[in-house]
Amino acid sequence: MKVILQENVENLGHIGDVVKVAPGYARNYLLPKGFAIEATEKNAKALAHAKKHLEYKKNRVLEAAKAVATKIEAITLTLAHQSGADDKLFGAVTNMELAEQLKAQGVEIDRKRIVLAEPIKQLGEYTAAVKLHPEVTANLKVVVTKA
């Protein structure tokens, strides 16, 4: 029996693949759980249409991510923190604080998307990676000065 997969099924295939499976496997497992639909002419046409729609949507999201990345690349965040001897900060600059500063600049980013190799605990200039999309990463310049 031929089925069109609607979910990634281990050892069988990925979403959108047309695979041949045993009728019992399809009838008792794949179809009831919603992992697949029967490969009919109507379902194949619906799949082709859905793929086109998903591709268009994916391209739109990618373009939006690239636009936000250019905004972020142009921004340099300057943070004033209290520091002690040897220019060590009292506390640290975290991704949450960077997200708040970006929001104040007009770019709203979830703090989980800002990746710091380690928390910033010294005065100086740093770069933080902002993962906007699996294919788009922006570098944010951060300058920490003495308050």
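Values in this document were obtained by computation on a predicted structure and should not be read as measured data.

A. Summary view of the sheet that holds strand β9 (residues 136–146). One open sheet holds the four strands; their spatial order is β4-β9-β8-β6, and the pairing between them is mixed. Only two strands of the sheet have a single neighbouring strand rather than two, namely β4 (76–81) and β6 (114–115). Helix-sheet contacts for helix α2 (residues 41–74) involve β4, β8 (124–133) and β9, and the interaxial angle to β9 is about 20°. Each of β4, β6, β8 and β9 is contacted by helix α3 (residues 95–104), which is oriented at about 120° to β4, the strand it contacts most.

B. Representation of the packing of aromatic side chains in the model. Under the definition given, this model contains two aromatic pairs. Feature note: the residues Y25, Y29 and F35 constitute an aromatic cluster, connected by ring pairs.

C. Expanded view of the side chain of H133. Of note, H133 is situated in strand β8. Apart from residues no more than four positions distant in its own chain, H133 is found in contact with V61, L62, A65 and R113.

D. Main features of the sheet that holds strand β1 (residues 2–5). Strand order in this open sheet of three strands is β2-β1-β3, and the pairing throughout is antiparallel. At either margin of the open sheet sits one strand with a lone partner, and together these are β2 (18–20) and β3 (36–38). Strand after strand, the sheet turns through a mean of 40° between neighbouring axes, direction not considered. Direction of pairing for β1 relative to β2: antiparallel, over a ladder of three bridges. When the bridges of β2 are listed, V3 appears paired with V19.

E. Layout of the domain arrangement of the protein chain. What the domain assignment lists for the protein chain is domain 1 (2–63) and domain 2 (66–146). Averaged C-alpha coordinates put domain 1 and domain 2 at centres separated by 41 Å.

F. Local environment of the pairing of β1. For β1 and β3, the ladder comprises three bridges, and the chain directions are antiparallel. Considered in β3, the bridge of V3 is made with E38.

G. Just the nonpolar core, in detail. By size, the foremost hydrophobic cluster in this structure holds 25 residues, and its most contacted members are I72, L98, I109, I114, V130, L132 and L140. Of all the secondary-structure elements, those providing two or more residues to this core are α2, β4, β5 (88–93), α3, β8 and β9. Tallying contributions element by element places β9 first for this core, with five residues. Setting aside residues no more than four positions away along its own chain, I72 makes contact with V107, I109, V130, L132, A138, N139 and L140. Membership of the second largest hydrophobic core comes to eight residues, among which are V9, V19, V21 and L30.

Definitions and limits used
- Residues numbered from 1 in each chain as written.
- Predicted model: local features only at pLDDT ≥ 70, side-chain atom pairs only at ≥ 80, totals over all residues.
- Heavy atoms only, no water.
- Pairing = 2+ DSSP bridges.
- Helix = DSSP H or I, 4+ residues; strand = E, 2+ residues; numbered from the N terminus.
- Contact = heavy atoms within 4.5 Å.
- Axes fitted to C-alpha atoms, helices over the stretch in contact; angles between N-to-C directions.
- Phe/Tyr/Trp six-rings, centres within 6.5 Å; stacked < 30°, edge-to-face > 60°.
- Domains from an automatic or database assignment.
- Core = buried A, V, L, I, M, F, W, Y, C linked by side-chain atoms within 4.5 Å.
- Buried < 20%, exposed > 50% of the residue type's maximum accessible area, 1.4 Å probe, protein only.

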